[in-house]
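Residues per chain, in single letters:
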Amino acid sequence: MLSTNNINNLPGLNIIRFKNNDLNLIGILPLIAEEFPSWGLDRLKSYIRLVLKQDSNGILVAKNDSSYNVGLLIYSIQDIINKGFSKNTKKEFSKCLVVENLISSSPVLEKKVFLQLTNKAVDIAENNSCEIVELPRFNTSFDLVKKKYKKNIINFNGWRTFIKIDKILTANKEL
């Protein structure tokens, strides 16, 4: 489990890395089903297993103090075309943590959950020498993320939003 004394942690929410076992799978299926309501149980399970097949992919789960799953972030680490992200302008590709899905179970908690999950995604990106984090298109659910990362946000054509990583850390954070 992640440290609860991290300054990026908000009170009442803990972020854990999803461990693939049947008990944990049952706990996140309702959140995945919110994103893909027409998918059946087998297809949802298959999607999760497919995501976790690659070592560069992962799932983060936001839990409240009662250990109820209130949010989910699915990510992959990819090389994307460098659009000025890299400090080395001759570099063709930049290493990027791509947020594939970002889900909250409650509209009331959504902004807080999105910020907490984004904070951890940035930590993972730093640990994996990524230069950028790619997020879904911003809406009002991302207000806290916009406020915290405003100096590092790059938005291209309103389709996806990027957070540029200021420094690449070599020391591992607890994830």
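Above this text is the structure in question.
Model, not experiment: these values are computed from the prediction.

(A) Quick look at the side chain of N69. Relative to the assigned elements, N69 resides in strand β3 (residues 69-81). Among the polar contacts made by the side chain of N69, one reaches the main-chain carbonyl oxygen of G27 at a distance of 2.9 Å. Within the local environment of N69, its side chain forms a polar contact with the side chain of K63, the two groups lying 2.7 Å apart.

(B) Molecular detail of the packing of aromatic side chains. Scanning all chains against the criterion turns up five aromatic pairs. Ring geometry for F36 against Y47: centres 5.4 Å apart, planes inclined by 70 degrees, an arrangement best described as edge-to-face. Placement of the pair is F36 in the loop between α1 (22-35) and α2 (41-53) and Y47 in helix α2, with a sequence separation of eleven residues. Residue F36 shares its accessibility class with Y47, and that shared class is buried. Ring centres of W39 and Y47 lie 5.6 Å apart, and the angle between their planes is 75 degrees; this geometry places the pair in the edge-to-face category. On the basis of relative accessibility, which here comes to 17%, the residue Y47 falls in the buried class. An aromatic cluster is present here, built from F36, W39 and Y47 joined pairwise through their rings.

(C) Structural detail: the pairing of strand β2 (residues 57-64). The buried count for β2 comes to seven of eight residues, which makes it a mostly enclosed element. As judged from the five bridges shared by strand β1 (residues 13-17) and β2, these two strands associate in the antiparallel manner. Directly across from I16, in β2, lies its bridge partner V61. Of the strand pairs in this sheet, β2 and β3 are connected by seven bridges, and their pairing is antiparallel. For A62, the partnering residue across the bridge sits in β3 and is G71. The turn joining β2 and β3, which pair antiparallel and follow one another in sequence, is formed by four residues; a positive phi near 65 degrees is taken by S67.

Conventions adopted
- Residues numbered from 1 in each chain as written.
- Predicted model: local features only at pLDDT ≥ 70, side-chain atom pairs only at ≥ 80, totals over all residues.
- Heavy atoms only, no water.
- Helix = DSSP H or I, 4+ residues; strand = E, 2+ residues; numbered from the N terminus.
- Polar contact = N/O pair within 3.5 Å; in protein donor to acceptor, adjacent residues only side chain to side chain.
- Phe/Tyr/Trp six-rings, centres within 6.5 Å; stacked < 30°, edge-to-face > 60°.
- Buried < 20%, exposed > 50% of the residue type's maximum accessible area, 1.4 Å probe, protein only.
- Pairing = 2+ DSSP bridges.

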